[in-house]
Amino acid sequence: MKVVKLADIIGTNRDVDGGNWRSQRIVVDSDGMGYSLHDTQIKAGTETHLWYKYHLESVYVIEGEGEVETVKDGKVWPVKQYECYVLDKNDEHLLRAKTDMRMVCVFNPPVTGEEVHDEDGAYPLPEHIKPLNS
């Protein structure tokens, strides 16, 4: 059993600022759970290009509203408080925040906790983890 306090993560290497977003990585690869869990805040009025080529992600919006556009088909999915969206096909997407948003994000496979997005909007895959889509 383990208890992780958000206050203990803030200001550490698990507290990552990506410009449009800030994410506290609560559970990461080294915790051995097989997934990672993040508390992520998105700034109002921003658009962020993301493409998790190696990860599946579920996002539960606990504050705010915005929209997700899947790049492949141009479909726009409005999202708001108490709704969950699931990127179950390594979907390349644009996340637009209409208001400040706060989300709980789950990644499989887990991230290490220190990643930032690459030029494609993806997280690199740690060498010891096999991609889900291979």
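Above this note sits the structure.
It should be emphasised that the depicted structure is a prediction, and the values quoted were computed from it without experimental measurement. (Residues numbered from 1 in each chain as written. Predicted model: local features only at pLDDT ≥ 70, side-chain atom pairs only at ≥ 80, totals over all residues. Heavy atoms only, no water.)

K.L.:
Could you clarify how one ought to interpret the sheet that holds strand 6 (residues 65-70) in this entry?
P.N.:
Strands belonging to one sheet form pairs held by backbone hydrogen bonds; the direction of such a pair is parallel or antiparallel. Strands sit in the order 4-9-6-7 across an open sheet of four strands; the sheet is antiparallel. Of all strands in the sheet, those bounded by a partner on one side alone are strand 4 (47-51) and strand 7 (75-80). Neighbour to neighbour, the strand axes of the sheet diverge by 25° on average, direction disregarded. Across five bridges, strand 4 lies against strand 9 (residues 92-97) in antiparallel orientation. (Pairing = 2+ DSSP bridges. Helix = DSSP H or I, 4+ residues; strand = E, 2+ residues; numbered from the N terminus. Axes fitted to C-alpha atoms, helices over the stretch in contact; angles between N-to-C directions.)

K.L.:
I would appreciate a short explanation of the packing of aromatic side chains in the present structure.
P.N.:
The relative placement of two aromatic rings is captured by the distance of their centres and the angle of their planes. Under the definition given, this model contains one aromatic pair. For lysine 53, the ring lying beneath its charged end belongs to tryptophan 51, and the centroid distance is 4.7 Å. Note that lysine 75 overlies the ring of tryptophan 77, its terminal NZ or CZ placed 4.1 Å from the centroid. (Phe/Tyr/Trp six-rings, centres within 6.5 Å; stacked < 30°, edge-to-face > 60°. Lys NZ or Arg CZ within 6 Å of the ring centre and 35° of its normal.)

K.L.:
I'm lost on the environment of lysine 72 in this one. Help?
P.N.:
Looking at where lysine 72 falls in the secondary structure, it is placed in the loop between strand 6 and strand 7. With a relative accessible area of 85%, lysine 72 lands in the exposed category. When the C-alpha atoms of lysine 72 and aspartate 91 are compared, they prove to be 7.8 Å apart, with 19 residues separating the residues in sequence. (Buried < 20%, exposed > 50% of the residue type's maximum accessible area, 1.4 Å probe, protein only.)

Structural measurements only, silent on function.
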